[in-house]
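The residues making up each chain are set out below.
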Amino acid sequence: MSGLKDIAVTVIGASADQPGSDPSGNASAILHEIADLLERLASDGSQGMIDLRAMPLTSGDRAQLEEVLAAGAVRVAIDAAGPTEVVETVYPGVWWTRHHNESGETVAEFIEVTVCPEILKSHIEDVREGGAQLRRVLVPDASDANESDD
Amino acid sequence: MDLLTFARGPGLQWAVTIFVIGVLWKLVGVILLRAKPDLSEPRNPSTWKGLRLIITRSWPRKEFLRSTAFTEVLGYTFHIGFLVALLFYLPHILFFEDVFKGVLGVNFQQVFGVQWPYFSGGVINFFGAVTVAALIAVLIHRIVSPVKRLISNFDDYFSWFVTIAPVVTGMLAYGHVGAPYQTLIAVHLLSMELLLVWFPFGKLMHAFTVFLSRGTEGMQFERKGASL
Amino acid sequence: MPDSMKPRDAGDAHEATLGERLAARGVSRRAFLKFASALASMMALPPSMGLVMAQAMAQAKRPSVLWFPFQECTGCTESITRSHTPTIEGMIFDMISLDYHETLMAAAGHQSEAAREQAMKDNAGKYLLLVDGSVATGLDGAYSTIGGQTNLSWLTEAAKGAAAIIAVGTCASFGGIPKANPNPTGARAVSDVIKDKPIVNIPGCPPIPVVLTGVLAHFLTFGSLPELDALGRPKAFFGDTIHDRCYRRPFYDQGLFAKTFDDEGARNGWCLYELGCKGPVTYNACATVKWNAGTSFPIQSGHGCLGCSEPDFWDKGSFYKALPVGQWGSAATLGGAAAVGVAVGAAAAYAARRRQDKIAKGD
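Residues numbered from 1 in each chain as written. Chains lettered and ligands numbered in written order. Predicted model: local features only at pLDDT ≥ 70, side-chain atom pairs only at ≥ 80, totals over all residues. Heavy atoms only, no water.

A. Just the sheet that holds strand S3 (residues 83–89) of chain A, in detail. Strand order in the open sheet made by the 5 strands is S1-S5-S4-S3-S2 (chain A), with antiparallel pairing throughout. The open sheet has two free edges, formed respectively by strand S1 (48–51) and strand S2 (71–79) of chain A, since each of these has just one partner strand. Neighbour-to-neighbour, the strand axes of the sheet open up by a mean angle of 20°, direction not taken into account. Strand direction decides the pairing type here: S2 of chain A and S3 of chain A, joined by 6 bridges, are antiparallel. Residue pairing across strands places valine 76 of chain A opposite valine 86 of chain A, the latter belonging to S3 of chain A. Across the sheet, helix H2 (residues 29–42) of chain C is in contact with S1, S2, S3, strand S4 (94–100) and strand S5 (106–113) of chain A; its angle to S5 of chain A comes to roughly 95°. (Pairing = 2+ DSSP bridges. Helix = DSSP H or I, 4+ residues; strand = E, 2+ residues; numbered from the N terminus. Axes fitted to C-alpha atoms, helices over the stretch in contact; angles between N-to-C directions. Contact = heavy atoms within 4.5 Å.)

B. Up close: the interface of chain C and chain B. Opposite the 41 residues of chain C that make contact, chain B presents 36 residues. In total, chain C and chain B occlude about 3,400 Å² of area from one another, counting both sides; carbon and sulfur atoms represent 60% of this. Counting the contacts that link chain C with chain B gives 1 salt bridge. Between arginine 34 of chain B and aspartate 357 of chain C there is a salt bridge, and its shortest N-O distance comes to 2.8 Å. For the pair chain C and chain B, the interface holds 12 residue pairs in polar contact (both at pLDDT 80 or more). Elements supplying a minimum of two residues to the side of chain C that touches chain B: helix H13 (249–254) and helix H16 (331–361) of chain C. Counting residues per element, the side of chain C that touches chain B draws most heavily on H16 of chain C, at 17 residues. Looking at the side of chain C that touches chain B, its residues break down into 22 nonpolar, 10 polar and 9 charged. (Buried area = accessible area lost by both parts, 1.4 Å probe. Salt bridge = Lys/Arg side-chain N within 4 Å of Asp/Glu carboxyl O. Polar contact = N/O pair within 3.5 Å; in protein donor to acceptor, adjacent residues only side chain to side chain. Nonpolar A, V, L, I, M, F, W, Y, C, P; charged D, E, K, R; others polar.)

C. Representation of helix H2 (residues 59–68) of chain A. Residues and elements named next belong to chain A. The complete set of buried residues in H2 reads Gly60, Asp61 and Leu65. Projected down its long axis, H2 carries its buried residues within an arc of 135°, all on one side. As for H2, its buried residues are in contact with helix H1 (26–44) and S4. (Buried < 20%, exposed > 50% of the residue type's maximum accessible area, 1.4 Å probe, protein only. Arc of directions from axis to C-beta.)

D. Spotlight on the interface of chain A and chain C. Every contact between the two is made by 35 residues of chain A and, on the other side, 27 residues of chain C. At the surface where chain A touches chain C, the tally comes to 3 salt bridges. Taking the shortest distance from any N to any O, the salt bridge between arginine 29 of chain C and glutamate 125 of chain A comes out at 3.8 Å. Taken together, the elements giving at least two residues each to the side of chain A that touches chain C come down to S1, S3, S4, S5 and helix H3 (124–138) of chain A.

E. Up close: the packing of helix H2 (residues 10–31) of chain B against helix H11 (residues 206–224) of chain B. Residue and element names in this part refer to chain B. Look at H2 against H11: their axes get within 11 Å of each other, and the N-to-C directions meet at 15°. One element, H2, and the other, H11, form an angle in the roughly parallel class. Here the hand of the crossing between H2 and H11 comes out right-handed. Residues Phe19, Val23, Leu27 and Ile31 of H2 form the contact with H11, whose own contacting residues are Phe208, Thr209 and Leu212. Considered class by class, the residues forming the contact of H2 with H11 number 6 nonpolar, 1 polar and no charged. (Parallel < 35°, antiparallel > 145°, perpendicular 65-115°, else oblique. Left-handed = near helix turned anticlockwise from the far one by under 90°.)

F. Local environment of the confidence of the model for chain C. Residue and element names in this part refer to chain C. Predicted confidence across chain C gives a mean pLDDT of 87, with 93% of residues reaching 70 or more. Taken element by element, chain C is modelled with least confidence in helix H5 (residues 92–95), mean pLDDT 73, and with most confidence in helix H8 (residues 169–174), mean pLDDT 97. Low confidence marks residues 1–14, where pLDDT is under 50. Its contacts with residues over four positions away, or in another chain, come to 24 contacts. (pLDDT = per-residue confidence, 0-100.)

G. Just the side chain of glutamine 71 of chain C, in detail. Following the sequence through the fold, glutamine 71 of chain C ends up in the loop between strand S1 (64–69) and helix H4 (75–82). Among all residues touching glutamine 71 of chain C, those that are not within four sequence positions of it are Gly133, Ser134, Val135, Ala136, Ser144, Asn151, Cys171, Pro178, Thr185 and Ala187 of chain C.

H. Looking closely at the side chain of aspartate 51 of chain A. Structurally, the position occupied by aspartate 51 of chain A is in strand S1. Buried within the structure, aspartate 51 of chain A lacks any salt-bridge partner; its nearest side chain of opposite charge belongs to arginine 53 of chain A, at an N-O separation of 5.4 Å. Within the structure, the side chain of aspartate 51 of chain A is placed 2.9 Å from the backbone nitrogen of arginine 53 of chain A, a separation counted as a polar contact. A polar contact is formed between the side chain of aspartate 51 of chain A and the side chain of serine 41 of chain C, at a distance of 2.8 Å. With near-sequence residues (within four places) excluded, aspartate 51 of chain A lies in contact with Glu109 and Phe110 of chain A together with Ser41 and Pro47 of chain C. (Lys, Arg positive; Asp, Glu negative; His and termini not counted.)

I. Spatial organisation of the sheet that holds strand S3 (residues 127–132) of chain C. Residues and elements named next belong to chain C. Pairing within the open sheet is parallel, and its 5 strands lie in the order S2-S1-S3-S7-S9. Two strands in the sheet have a free side with no partner beyond their single neighbour: strand S2 (97–101) and strand S9 (199–202). Sheet twist, expressed as the mean angle between neighbouring strand axes with direction ignored, is 20°. Bridge analysis of S3 against strand S7 (residues 162–168) gives 6 bridges, and the strand direction is parallel. Bridging across to S7, leucine 130 finds its partner in isoleucine 166.

Here it is as structure tokens:
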């Protein structure tokens, strides 16, 4: 493999090294939109969501976003079909959600303006099923019967 | 067959064929015409010196400078703009180099030792915009000026149209404005093909004949001893 | 429901919603919401649609899907199954009841044909028909048969009861390689044969798996097919050219091009336009979705786009000739044209001289 290093190949593929690292202005637009969404959340509780993959961001834009929206008090790691990272930024109510698949690739990235992102909440159906499962665990006979059914 | 396939294939081939036939037909037809014998004694022995008219007619004489300045400046502007966009845009160059190689069997680069220089798309777009602006200005002038309007016919307006059309469609294609790129590029190619087909049979043929006529006229004037 | 494709835990799945079914398989609603959000993002839907899609799909019954292979190479199936394990679009197989797929089903021979007929009967008017491969129409379709029946008759028969047809891959969408000149089998696209059913084309050789997932998710969520372009392709994935979304586009705009595959420009990752890249006239999502779990796509790997998701891509000239090149004709044609031009010109001049002579003679 060391021979590969002798070949003078410059890789300009990885997104971080892409041409155009200057801020394009998209980051500022997103930040202004977040400020608007925050005001609406505070006044009438309406939630907002921004898809970060829906617009082209240069590495400069990303740096600007990450600088302004620095991590705040809450950082949650979710393991559901690959890792998901939910971070509340220093601005309460502004959450940065990064969905990854099982091979670590980012599949979706959102800024959510809400008191609590949907993905953090336990779904009522899951709660119901979990409760039933717990009941089965607590009754040893039923649990055994269940096992033997399989 | 979709529009682009037609424009890139049969449309282009027919247009180029008609262009070549038409240009040679017109040129050979004119050159082989019998010149009217001039029986007078030549005033100047070296009539070939009149060929300098080919160059000197490229700018107006002092007396006409003021009255023709508008047409001259704008004329030069769109001619230069058009030629720059035509000859120094990479996709166009790839086409010309391909034709060059197809006809002569050698690469352009091998013959001339240098690569055909080109500008980036943005620069070409600028030249295109200048060309369009100048062409619109000369059209307005043609319509507004009573003399020009009087001496203009369908040929003038249609030649104007087939000249501006490839520039406008090319810029639209470059900017992806108004339609899918494939449609835009197909329309651009078709407009260029219209230009090629019309070229030999309308006033656009001046691109070849202007030098012929200037040279002929210059030699006749020289022989008569006229001041050039 | 035919038993041939039935997964082990699908005992009562016939009535179960997709959400219940996924839960039974250990996929939490949280994972499903994530899947729907990612899908909405890829389909350029408003981000709030992720939740809507998750809720709607969780309540949906899995549609019966029949997958017919015609004149194809199984590359489309490879593409979609290879995406299965590590990526989120692998959930496609949980979203549908795949009642017939020759390559994937355990049953074979008459058993599998019985499964197909049963599924068509049970789900008449509701099933989705997926087709990969082109339809041979020459000799009444005899060039391609399965179990003694022509693809053509399969398609026309199954189309009658289908809610919609999804043409998977370039062959089913546009005829593809079997239709390439001289097209000995009379290959046609599905849309050339079936005119009275909604058809979605997902071209690509092979197609991008997530596009199929997206179309299915849209169908489950809204009960309709997504917005299509003039060629029947979902706009969410085929709205832009490869060139528009190419990370090498700035080099094109700056006029920086690779001239060969191993020159300085190629090493610097400059634009491959001169090397025959068909990106400017190819609509697909490769530049954004990419391949092999987002690893790369042809241009990122240093090779121009072949334009495989466009009609007749195989017959549009060399893959390695730049777009403006190779179509103007030949030197012989131009030579012939020049000869004709000179001859006509000479004849015209001769005619003019004859006329002058006549006038001079006073005729």
